[in-house]
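Report on the structure
Listed below, chain by chain, are the residues.
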Amino acid sequence: MRTIIIGDIHGCYREFISLLKKVEYRKKKDRLILLGDLMDRGPLSYEMLQWAIRWKEENPDTFFLIRGNHELMLVKQRREIDQRLIWRLVGKGASIRSFSRHKDRMKRYIPWIVENMPIYHEEDDYRCVHASVEYENLEDNDEERLVEDHNYAKRNEYAGKITIIGHTPLPDPTHYDGSGGEGIPLPYHEWHPLPEHGTICIDTGCVFGHRLTAMIIEDGQYYLDYVESGVCIENKVPKYIKYIWRLRSIPIIRRFCSMPKVI
Ligand SMILES: [Mn+2]
């Protein structure tokens, strides 16, 4: 049985559906795990959430979701003022427009998110969280580390059981093996044994104009596939982000030029 894992969709519902088609997802035979951040920034957050709700209802045992920092902001927004402000800056407006086009409100879905989007998902030979992991025992990590932390994964210090993450957009899916060195970009369209240790980040910045990536795991092997982003983002992201992505495919530049920080 294949398991298909997809990272930060951010309202890129069209790309999500075309990626499912590209990897020939079969709902009766495959499992599907979404790593969170279904909404905000992109144009179709409402459609994406409705799809997830319907899918979870119809496929409760083969479809799993994890909570991202954007879902966490929705859950927390009424209590914490700083979370409200940050959320404004990182694409809440796009979600509000998407929901109001359907005369709906996001708040209504907080109980569904709390019930159906836990902060981690554990399997026998790997597990999934949204952002990063520090301690082998997932219970020992605080919520901020698992759901919100941008920098920890890149420090490449975690060498425990292999964990699939999203959250930090990168030019290519990347394996952090716990050695403390640079992450290793992973190739698309080839089967390889699933590494046993470290983290693999599969967020390739679809909503920033790059790609939506799927990781397929079957019998201890993995395969990566993607669709190009066709999205028009509603919140302005500087064009230099795309240029840096292109330049970073040249190894010497990759060494001296890190990804711009985006939440
Ligand atoms: Mn995120």
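Owing to the predicted nature of the structure, the values given are computational and were not obtained by experimental measurement.

**What to know about the nonpolar core**
With 61 residues, the main nonpolar core has Ile5, Ile6, Ile9, Leu34, Met48 and Leu212 as its most contacted residues. If sequence neighbours within four positions are ignored, Met48 has contacts with Ile9, Gly11, Tyr13, Phe16, Leu38 and Met39.

**Structural notes on the pairing of strand β12 (residues 221–228)**
With two bridges joining them, strand β9 (residues 192–193) and β12 adopt antiparallel strand pairing. Residue His192 lies in a different strand from β12, and its bridge partner there is Tyr222. Pairing of strand β11 (residues 211–218) with β12 involves eight bridges; the strand directions are antiparallel. By the bridge assignment for β12, Thr213 is matched with Tyr226. Where β11 hands over to β12, the hairpin turn is made up of two residues, of which Asp219 adopts a positive phi near 50°.

**Here's the deal with the sheet that holds strand β2 (residues 31–34)**
Strand order across the open sheet formed by six strands is β3-β2-β1-β11-β12-β9, with mixed pairing between neighbours. One side of each edge strand has no neighbouring strand; the edge strands of this open sheet are β3 (63–65) and β9. On the sheet, helix α1 (residues 13–22) packs against β1 (3–6), β11 and β12 and is oriented at approximately 135° with respect to β12.

**Remarks on α1**
Along α1, the residues that are buried comprise Tyr13, Glu15, Phe16 and Leu19. On an axial view of α1, the arc spanned by its buried residues comes to 160°, and they lie on one face. At the C-terminal side of α1, Glu24 shows a positive phi close to 55°.

About the criteria used
- Residues numbered from 1 in each chain as written.
- Predicted model: local features only at pLDDT ≥ 70, side-chain atom pairs only at ≥ 80, totals over all residues.
- Core = buried A, V, L, I, M, F, W, Y, C linked by C-beta atoms within 7 Å.
- Buried ≥ 20, exposed ≤ 12 C-beta atoms within 10 Å, placed from the backbone.
- Contact = placed C-beta atoms within 7 Å.
- Pairing = 2+ DSSP bridges.
- Helix = DSSP H or I, 4+ residues; strand = E, 2+ residues; numbered from the N terminus.
- Axes fitted to C-alpha atoms, helices over the stretch in contact; angles between N-to-C directions.
- Arc of directions from axis to C-beta.

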